[in-house]
Amino acid sequence: MVLNYFKISVFIIRLGLFFSPLSALAAWQTNMSRGVTPLSHAIYNLHMLGFWICVGIAVVVFSIMLFSLIRHRKSRGVEPAQFHEHPVLEIVWAIVPFIILLTMAIPATKTLIKMNDNSNPELTIKVTAYQWRWRYAYLDQGIDFFSNLSTPVEELQNRAKKNTWYLLEVDHPLVVPVHKKIRFLFTSNDVIHSWWLPTLGIKRDTIPGFINESWARIDEEGTYRGQCAELCGTNHAFMPIVVRAVSESAFNQWIKQQLGDSAHGTNT
Amino acid sequence: MEQTLELEHPTPKGFLAFIKRWLFSTNHKEIGTLYLLFSLLMFFIGGIFALLIRAELFQPGARLLNPEFFNQMTTMHGIVMLFLAIMPVFSGFANWMIPLMIGAPDMAMPRMNNWAFWILPVAAIVLFSTLFMEGSAPNFGWTMYAPLSTTFAPPSTDHLILAVHLMGLSSLMGAINIIVTILNLRAPGMTMMKMPIFCWSWLVTAFLLIAVMPVLAAAVTMMLMDRHFSTSFFSAAGGGDPLLYQHLFWFFGHPEVYIIILPAFGLISQIIPTFSRKKLFGYNFMVYAMLVIAFLSFIVWVHHMFVTGVPLAAELFFMYTSMLIAVPTGIKVFNWVTTMYRGALSFETPMLFSIAFVILFTIGGFSGVMLAMVPADFQYQDSYFVVAHFHYVLVPGALFAAMAATYYWLPKMTGVMYNERLGQYHFWLSVIGVNLTFFPMHFLGLAGMPRRVADYSLQFANFNAISSLGAFIFGFAQLFFIIVIIRSMFGKGEKATGKVWEGAEGLEWTLSSPPPLHSFTTPPKIN
């Protein structure tokens, strides 16, 4: 009996945990985050534009359809109409969507051109993907380190309670300054991976033997988390990305500390 | 050929005779039935793979499958569903119905037809054998991206390559047969623009198949060369380019999407007019729209590769072409809606599936237009948003069309009406299951969950649980489908008339239900 009560209460607690919103996380997040860079804001706006256009079209088309489904039922004793072609109508409903598409294509083009402007970076970071971790190199500062998943194995195997940042935590996060144009260079040591940080609006494949680039200017200090987005083998789900955006002075401090550490041989 | 043509074959007696009858059959109806039953079996096998994936993803943490096996399941699920379930089901309907619809006695090349089908089970056996091989089964996703599929792949990959070649061969022979049949065997008086639209959809599809299947064959052969013969097509270290593989694959892969969806368009365009008791609106434009879609399908492939770092000019070009696809697709949706408008609608199971198709396929189309915007695609690509998108066009899209067609023609094929009540249960459970499974995936993708992960962080737990629940409802619903089909196959149910449906039009409905084994041995008259 005692055991049974115990089991039931554990089950109820689990159920409660399962459905209770997790404090630090948006457990019911249904939309893209706006992010923290001008480009991620532009992406968010495009996404919402596309979304509302689709909703608008859906309302019109599905209303007409619903009207037919309700009114033009055989069970209501209606006689089917005989019309079955109308070339003018066909041409109209080819042109109207075309114009609507233009309203999406124009802002998308503008944003895309902005995104491709990788000129004048204030900091360059080379990201190299490995099976299954990331390596970050600050090319001008001479800092270079690996970033590995730091979630304990017990949590992965359900032997310990999962912490808030389960699978989204690393031993050495990438540290970057805010308000600076940061250029990222992407390459890979083995297979294709993809560096995705939703809050920065960046997703770029890392391809062995080739270098891709992208850039970000982060507006807010904070810790931002992402994951590898391209299937890269067994541990594809276990190579998270953590970026800490800090003030310029804190960043300089961090650089000094890193250089000091590596001089003493404690960092790799 | 001095044989006399027997109109009805006697039922075979004995096991060997039964096997011989089906193994050597060159009859389009029998081969069609084989295709349909084979794809049904594969649909269940691919479905079990999918349910294993959803079971693992029900909650975060390692539960059921290890990540290695999880990757094998995602790979197998994709390949089985696309190449062995969805493509053969439409080949099955083509075999059964195209000769009946155009008033032909059989397919133009019956022996090749037999061969094209029997290659498929062999390909399936080769493919499934990899699951039992040392190392592991292919574990790099159905897209088989190099170098994960070359240098880093398990030995069983060679069997996958062989299976892909076999499936390609089968599709090519099927496509050639359909083109020759449609172009040469139409009854006198049936001009191209009088042909039922399902035949048109398959004609366009067959040309797409002939154009792109060899490209896939080339790509997997280059994979094989890279793996064993020291070439470096896809290896930068040897002067090659991993992206070359992706270009080749998607030059096949994007038309492949339309190879899957065009026959579905054709089926829906047959079924909606029947239950609206009104002619298909804008037949000509429906045909033109398919031709435009087929043309555009060749110049959009890079939209699968926007995050690979293609140059700005290419990104702009492929963004515009991808968006353009919305225009002909829109024409099709508007025409279906207008066909229903002021018709006299009734809601038998085939019509229910068709209506769900129009609504849910359109939702998949909407997310498709959003995906075409390159900057937004940087967030969507390789996330669950993409998974939601393509499952909306493939499951309540292509698969619902196949289910609609099954209910539509089952009485014609078996001679008995299916059980309408079971059909409706099947429909409603399926439609609820599909939406519960795939709609939350949009949210997951937008919130940042990548696809093909064996485990995920806690913020994604709620919607994943809902999605898994939906998947099991959808899986359960298919048991009704099986029951309906088995009952009909064994003749349980009311006797069906030749015309079956009040609003049915077309040559196949002028025959008895079931039609004689050899039909239209003399061409029918078309007025």
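Note that the coordinates shown come from a computational prediction; the quantities given were computed from them, not determined experimentally.

**A few points about the sheet that holds strand S6 (residues 193–197) of chain A**
All names here are of chain A.
Working step 1: With respect to topology, five strands assemble into an open sheet ordered S4-S10-S9-S6-S7, the strand pairing being mixed. Single-partner strands in this sheet number two, and they are strand S4 (174–177) and strand S7 (202–206). With strand direction ignored, the average angle separating the axes of adjacent strands in the sheet is 25 degrees.
Working step 2: Where S6 meets S7, five bridges bridge the pair, whose relative direction is antiparallel. Its bridge partner lying in S7, His193 is registered against Thr206.

**Concerning helix H9 (residues 312–324) of chain B**
Working step 1: An ideal rise of 1.5 Å per residue puts 18 Å on 13 residues; H9 of chain B measures up with 18 Å between its terminal C-alpha atoms.
Working step 2: Tucked into the core, H9 of chain B has its buried residues touching helix H3 (87–115) of chain A together with helix H8 (283–296), helix H10 (326–340), helix H11 (349–372) and helix H12 (374–380) of chain B.

**Topic: the nonpolar core**
Working step 1: Counting 244 residues, the largest nonpolar core has Ile268, Phe357, Ala401 and Ala404 of chain B as its most contacted members.
Working step 2: Look past the residues within four positions of Phe357 of chain B in its chain and what remains in contact with it is Ile268, Pro396, Gly397, Phe400, Ala401 and Ala404 of chain B.

**As for the interface of chain B and chain A**
Working step 1: Each partner contributes to the interface: chain B provides 76 residues, whereas chain A provides 82 residues.
Working step 2: If you tally residues by element for the side of chain B that touches chain A, the top one is H10 of chain B, at eight residues.
Working step 3: Residues that form the side of chain B that touches chain A fall into these classes: 49 nonpolar, 18 polar and nine charged.

**Looking at the domain arrangement of chain A**
Working step 1: According to the domain assignment, chain A contains domain 1 (34–53 + 88–117) and domain 2 (123–263).
Working step 2: Residue-level contacts link seven residues of domain 1 of chain A with 11 residues of domain 2 of chain A.

**Overview of the pairing of S4 of chain A**
All names here are of chain A.
Working step 1: Neither face of S4 is left uncovered, since the one carrying Leu174 and Val176 and the one carrying Val175 and Pro177 both have all their residues buried.
Working step 2: Of the strand pairs in this sheet, S4 and strand S10 (residues 240–246) are connected by four bridges, and their pairing is parallel. Pairing of Val175 across the sheet is with Arg244, part of S10.

**A word on the confidence of the model for chain B**
Residues and elements named next belong to chain B.
Working step 1: Averaged over chain B, the pLDDT score is 95; the fraction of residues at 70 or greater is 98%.
Working step 2: Every residue in residues 1–5 is under pLDDT 50, and counting partners more than four places away or in other chains gives two contacts.
Working step 3: Under the prediction, the complex receives an ipTM of 0.91, its pTM being 0.93.

**Side note on the domain arrangement of chain B**
Residues and elements named next belong to chain B.
Working step 1: Split into domains, chain B comes out as domain 1 (12–95 + 104–182), domain 2 (198–276 + 278–303 + 312–343) and domain 3 (345–519).
Working step 2: One C-alpha centre belongs to domain 1, the other to domain 3; they are set 20 Å apart.
Working step 3: Each partner contributes to the interface: domain 1 provides 23 residues, whereas domain 3 provides 21 residues.
Working step 4: The set of elements that each furnish at least two residues to the side of domain 1 that touches domain 3 consists of helix H2 (28–56) and helix H3 (67–102).

**Brief notes about unusual backbone geometry**
Glycine aside, residues mostly have negative phi, and peptide bonds are mostly found in the trans state.
Residues and elements named next belong to chain B.
Working step 1: Of note, the amide linkage connecting Ala146 to Pro147 takes the cis form, showing an omega dihedral of 0 degrees.
Working step 2: Here Pro147 is to be found in the loop between helix H4 (110–129) and helix H5 (157–184).
Working step 3: Residue Pro514 is bonded to the preceding Ser513 through a cis peptide linkage, with omega at -5 degrees.
Working step 4: Mapped onto the fold, Pro514 is located in the segment after helix H15 (461–489).
Working step 5: Non-glycine residue Ser230 carries a positive phi angle of around 60 degrees.
Working step 6: Looking at the secondary structure, you find Ser230 in the loop between helix H6 (197–228) and helix H7 (242–276).
Working step 7: A positive phi angle, close to 60 degrees, is found at Arg342, a residue other than glycine.
Working step 8: In this fold, Arg342 is placed in the loop between H10 and H11.

Definitions and cut-offs
Along each chain, residue indices are assigned from 1 in the same order as the chain's sequence is written. Chain letters and ligand numbers both follow the written order, the letters beginning at A and the numbers at 1. For a predicted model such as this one, the threshold for reporting local features is a pLDDT of at least 70, and the threshold for listing and counting side-chain atom pairs is 80 or more; totals across whole chains, interfaces and linings nevertheless cover every residue. Any two strands between which DSSP finds at least two bridges are classified as paired. Strands are runs of DSSP state E lasting at least two residues, helices are runs of H or I lasting at least four, and both sets are numbered from the N terminus onward. Axis geometry follows a simple rule: fit a line to the C-alpha atoms, using only the stretch in contact for helices, then measure angles between N-to-C directions, giving values from 0 to 180 degrees. A helix's residues, less one, multiplied by 1.5 Å, set its expected span. Two residues qualify as being in contact provided that their C-beta atoms, derived from the backbone, are within 7 Å of each other. To count as a nonpolar core, a set of buried Ala, Val, Leu, Ile, Met, Phe, Trp, Tyr and Cys residues must be joined through C-beta atoms within 7 Å. Residues with at least 20 neighbouring C-beta atoms inside 10 Å of their own are called buried, those with 12 or fewer are called exposed, and the rest are partly exposed, where every C-beta is derived from the backbone. Under the scheme applied, nonpolar residues are Ala, Val, Leu, Ile, Met, Phe, Trp, Tyr, Cys and Pro; charged residues are Asp, Glu, Lys and Arg; polar residues are all the others, including Gly. What marks off one domain from the next here is an automatic or database domain assignment. You can read pLDDT as the predictor saying how much it trusts each residue, on a scale of 0 to 100.

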